[in-house]
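# Results of the structural survey
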Amino acid sequence: MSHKNPNIESKCVHSGIKEYQYGPVVPPIYQTSTFKFENTSHGAALFKGEEKGYIYTRMSNPTIEAMEDAIADLEEGYKALGCASGMAAIHTALAALLNAGDHVVCSKSVYGPTATLLSTVFSRFDIETTYVSGSDIEEVREAIKPNTKVIYLETPGNPTLEITDIEEVSKIAHASNIKVVVDNTFMSPALQKPITLGADVVVHSLTKFLNGHADVVGGIIVVKDELSYKNFRKVLNQLGGVIDPFNAFLVHRGIKTLALRMERHTENAIKIAKYLEEHPKVKWVRYPGLKSHPQYMIGQKQHKLPGGMITFELKGGYHAGETAMNSVGFCQLAVSLGGVETLIQHPASMTHFSMGKEARVAAGITDGLVRLSVGIENVNDIIEDLEQAFSKIKLEVKEPVL
Ligand code: LCS
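Cut-offs used in this document
Position numbers for residues count from 1 along each chain, tracking the sequence in the order it is written. Since the coordinates come from a predicted model, pLDDT governs what is reported: local features require at least 70, and pairs of side-chain atoms require 80 or more to be given and counted, while whole-chain, interface and lining totals use all residues. Here the side-chain values reflect all heavy atoms present in the structure, with hydrogen atoms and water set aside. Residues belong to one nonpolar core when they are buried, are Ala, Val, Leu, Ile, Met, Phe, Trp, Tyr or Cys, and are joined through side-chain atoms within 4.5 Å. Exposed residues in this analysis have more than 50% of their type's maximum accessible area, buried residues have under 20%, and partly exposed residues fall in between, with area computed by a 1.4 Å probe over protein chains only. Every helix listed is a DSSP run of H or I at least four residues long, and every strand listed is a run of E at least two residues long, numbered separately from the N terminus. Domain boundaries shown here were taken from an automatic or database domain assignment. By this definition, two strands are paired if DSSP reports at least two bridges between them. Lines fitted to C-alpha atoms define the axes, with helix axes restricted to the stretch in contact, and inter-axis angles between N-to-C directions lie between 0 and 180 degrees. A clockwise turn of the near helix away from the far one marks a right-handed crossing, whereas an anticlockwise turn of less than a right angle marks a left-handed crossing. In what follows, a contact means two residues having at least one pair of non-hydrogen atoms within 4.5 Å. When residues are grouped by polarity, Ala, Val, Leu, Ile, Met, Phe, Trp, Tyr, Cys and Pro land in nonpolar, Asp, Glu, Lys and Arg in charged, and all others, Gly among them, in polar. For this description, a residue counts as near a given molecule or strand if any of its non-hydrogen atoms is within 4 Å of it. Under this definition, polar contacts are N or O atom pairs within 3.5 Å; protein pairs additionally need one hydrogen-donor-capable and one acceptor-capable atom, and for neighbouring residues in sequence, both atoms have to be side-chain atoms. In these tables, accessible area is a Shrake-Rupley quantity obtained with a 1.4 Å probe, and a residue counts as shielded only by the protein chains included in the view. Salt bridge, as applied in this entry: a Lys or Arg side-chain nitrogen positioned within 4 Å of an Asp or Glu carboxyl oxygen. The directions from the helix axis to the C-beta atoms are what the arc is built from. Only centres within 6.5 Å qualify two rings of Phe, Tyr or Trp (six-membered ring in Trp) as a pair; their planes then separate them into stacked at under 30 degrees, edge-to-face at over 60, and tilted for everything else. In our convention, an over-ring charge means Lys NZ or Arg CZ found within 6 Å of a ring centre and within 35 degrees of that ring's normal. Distance thresholds for patches are 9 Å for like charges and 5 Å for nonpolar side chains (Val, Leu, Ile, Met, Phe, Trp, Tyr), applied to residues having over 30% relative accessible area and no salt bridge. Here the quantity called buried area is the total loss of accessible area, with a 1.4 Å probe, experienced by two parts when brought into contact, counted for both.

### So, the nonpolar core
Counting residues in each nonpolar core, the largest one holds 33 residues, and the members touching the most others are Leu94, Tyr152, Ile221 and Phe232. Counting only elements with at least two residues in this core, the list comes to strand S1 (79–83), helix H4 (86–97), strand S2 (103–107), helix H5 (112–121), strand S4 (148–154), strand S6 (201–205), strand S7 (219–223) and helix H8 (226–239). It is H4 that provides the largest number of residues to this core, a total of seven residues. Here this core gathers at least three residues from each of two domains, domain 1 (8–255) and domain 2 (259–390).

This is the structure:
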């Protein structure tokens with residue numbers, strides 16, 4: 001890209017793209033598992049790291065590298081590592097940073113399987129986790145132990161949209177030599193850049209806003225220095241959860257419209273959040289762009305726009321939510337988020353079921369909470385569909401026990 005200091009919209013279109021044979025303007029898909037050596041000494045030099053080049057796609061691949069470089073550039077990190085899924089990225093990042101006997105402080109409001117990974121897999125390797133309310137800085141500070149090595153945040157958190165002050169937490173963490181890992185999936189680098197706020201590592205589910213088209217499962221880790229990069233790459237090479245070239249190509253293609261999409265997701269979400277806030281059948285709405293959000297001011301400080309995710313609860317709790325979710329037509333009942341299409345889902349029985357009821361209650365995930373991933377369609381079509389779905393709700397039916 002021949003521009004010294006491009007803006008984010010330009011970076012989305014151009015970052016990561018290099019010169020390739022025949023001069024294509026987009027990176028070719030190098031759909032190959034392995035690369036030929038010129039001779040044995042060339043192969044040996046590549047393995048020793050004395051020469052630059054490609055060896056084997058689990059280790060690196062030009063199509064994957066182009067997508068990784070684009071995201072590292074957008075996040076203002078040093079380099080990035082493409083992974084098979086968001087969970088592969090989270091697992092790899094934690095495995096690279098932790099040893100047996102270490103302790104993790106994790107915000108309660110994280111994607112269900114992230115909490116389950118820490119409490120059922122890493123716990124078997126003698127790694128203990130304390131869950132805190134990320135928005136309560138004192139609670140974060142008090143949870144730190146002499147063996148704490150990582151503070152893990154998701155902000156805004158899935159699905160409660162709780163916001164953690166990345167800058168404040170990073171200051172506390174760095175004073176005790178602790179690394180801060182931020183899952184930036186809900187915002188994407190078009191709206192929030194945790195490394196610029198002090199975080200050490202950023203992870204994403206590429207499956208969501210970065211790819212944006214609901215046709216890829218992928219993940220990424222962004223690190224901020226060469227030493228971490230070498231360490232993380234070694235761990236990823238051994239664990240093996242890498243993205244494949246075709247999915248990397250699709251993600252890189254999706255990123256071209258990321259900044260545009262995030263603006264439209266936000267524009268629609270602001271209108272829908274206001275509509276929900278005024279609706280007589282809605283008990284409460286949580287959206288980072290509403291002044292009623294408890295961490296509204298922190299959000300204003302650290303993200304450019306409040307994004308496309310909304311949670312709300314209908315009067316009549318689970319039953320009312322169930323009726324609404326079974327009655328939508330234009331909005332689709334499905335997990336995942338961040339695609340161009342509007343999706344609606346029920347965290348307590350779906351994305352956060354694996355956490356168990358106790359952890360859900362502690363994280364503020366009520367049985368009646370409904371999550372909306374607002375797409376980029378015409379906002380009137382989304383509101384019209386919600387309106388007809390809400391009209392089906394009868395408030396006198398009893399709640400089931402989940
Ligand atoms: N981090 C966040 C914030 C997520 O929302 C998800 C997936 C992941 C990590 C894991 O990414 P994956 O391995 O699926 O690429 N969230 C989902 C959700 O809320 N509904 O379905 C998947």
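Once you've had a look at it, read on.
### Quick notes on the pairing of S7
In summary, the side chains of a regular strand alternate between the two faces of the sheet. Where burial is concerned, most of S7 is hidden: five out of the five residues are buried. Burial along S7 is two-sided: the residues Gly219, Ile221 and Val223 and Ile220 and Val222 are all buried. Relative to S7, S1 runs antiparallel, the two sharing five bridges. The residue bridging leucine 81 from the neighbouring strand is isoleucine 221, located in S7.

### Things to note about the packing of helix H3 (residues 62–75) against helix H9 (residues 245–255)
For the pair H3 and H9, the least separation of the axes is 8 Å and the interaxial angle reads 35 degrees. At the point where H3 passes H9, the crossing takes the left-handed sense. Contacts between H3 and H9 pair Thr63, Ile64, Ala66, Met67, Ala70, Ile71 and Leu74 from the former with Pro245, Ala248, Phe249, Val251, His252 and Ile255 from the latter. Looking at the contact of H3 with H9 residue by residue, the class counts come to eleven nonpolar, two polar and no charged.

### A look at the side chain of threonine 92
Relative to the helices and strands, threonine 92 is located in helix H4. You can call threonine 92 buried: its relative accessible area is 2%. In contact with threonine 92, not counting residues within four places along its chain, are Ile221, Phe232, Val235, Leu236 and Leu239.

### Some details on the site of the ligand
Neighbouring the ligand are 19 residues; Asp183, Ser205, Thr207, Lys208 and Arg371 lie closest to it. A distance of 2.7 Å separates an oxygen atom of the ligand from a polar side-chain atom of threonine 207. In the environment of the ligand, a nitrogen atom lies 2.8 Å from a nitrogen or oxygen atom belonging to the backbone of serine 336. Look at the ligand: alone it shows 480 Å² of surface, and the protein chains cover 92% of it.

### Re the pattern of salt bridges
Counted under the stated rule, the structure contains 15 salt bridges. Taking the shortest distance from any N to any O, the salt bridge between glutamate 226 and lysine 230 comes out at 3.3 Å. Linking glutamate 226 with lysine 230, this pair stays in helix H8, spanning four residues, or about one helical turn. It is possible to trace a salt-bridge network through shared partners that takes in Lys18, Asp69 and Lys79.

### A look at helix H2 (residues 40–48)
For H2, every residue scored as buried is listed here: His42, Gly43, Ala45 and Leu46. Take H2 and look down its axis: the buried residues cluster within an arc of 165 degrees, on one side only. Exposed side chains of H2 directed beyond 90 degrees from the buried face belong to Thr40, Ser41, Phe47 and Lys48.

### Thoughts on the packing of aromatic side chains
Considering all chains together, one arrives at seven aromatic pairs under this definition. Aromatic pair phenylalanine 35 and tyrosine 54: ring centres 5.5 Å apart, planes at 35 degrees, arrangement tilted. In this pair, phenylalanine 35 sits in the loop between helix H1 (8–14) and H2 while tyrosine 54 sits in the loop between H2 and H3, placing the two residues 19 residues apart along the sequence. Among the residues examined, phenylalanine 35 registers a relative accessible area of 16% and is labelled buried. Classification of tyrosine 54 as partly exposed rests on a relative accessible area of 25%. The rings of Tyr275, Phe312 and Phe390 are connected pair by pair, giving a single aromatic cluster. Above the face of the tyrosine 229 ring, lysine 79 is positioned so that its terminal group lies 5.7 Å from the ring centre.

### Describing a nonpolar patch on the surface
A contiguous nonpolar surface patch, about 230 Å² in accessible area, is contributed by Leu333, Val335 and Met350. Tracing the backbone through its elements, the reader meets methionine 350 in the loop between strand S11 (343–345) and helix H13 (357–363). For methionine 350, a relative accessible area of 35% translates into the label partly exposed.

### A few points about the sheet that holds S2
One open sheet accounts for seven strands, arranged S1-S7-S6-S5-S4-S2-S3; its pairing is mixed. The strands lining the two open edges of the sheet, one partner per strand, are S1 and strand S3 (128–132). On average, each strand axis in the sheet is tilted by 20 degrees relative to the strand beside it, whichever way the strands run. Pairing of S6 with S7, which is carried by five bridges, proceeds in the antiparallel orientation.

### Focus on the domain arrangement of the protein
You can read the domains of the protein as domain 1 (8–255) and domain 2 (259–390). A C-alpha centroid distance of 26 Å is found between domain 1 and domain 2. Each partner contributes to the interface: domain 1 provides 40 residues, whereas domain 2 provides 41 residues. Both sides of the domain 1 and domain 2 interface together cover about 3100 Å² of buried area, and 62% of this is carbon and sulfur. In this structure, glutamate 9 and lysine 304 form a salt bridge, with 3.9 Å as the shortest nitrogen-oxygen distance. Put simply, domain 1 and domain 2 have 16 residue pairs in polar contact (both at pLDDT 80 or more) between them. Of all elements in the fold, only H1, H5, helix H7 (166–175) and H9 reach the threshold of two or more residues within the side of domain 1 that touches domain 2. Considering each element in turn, the side of domain 1 that touches domain 2 owes the most residues, four residues, to H5. Here the residues of the side of domain 1 that touches domain 2 sort into 20 nonpolar, 14 polar and six charged.

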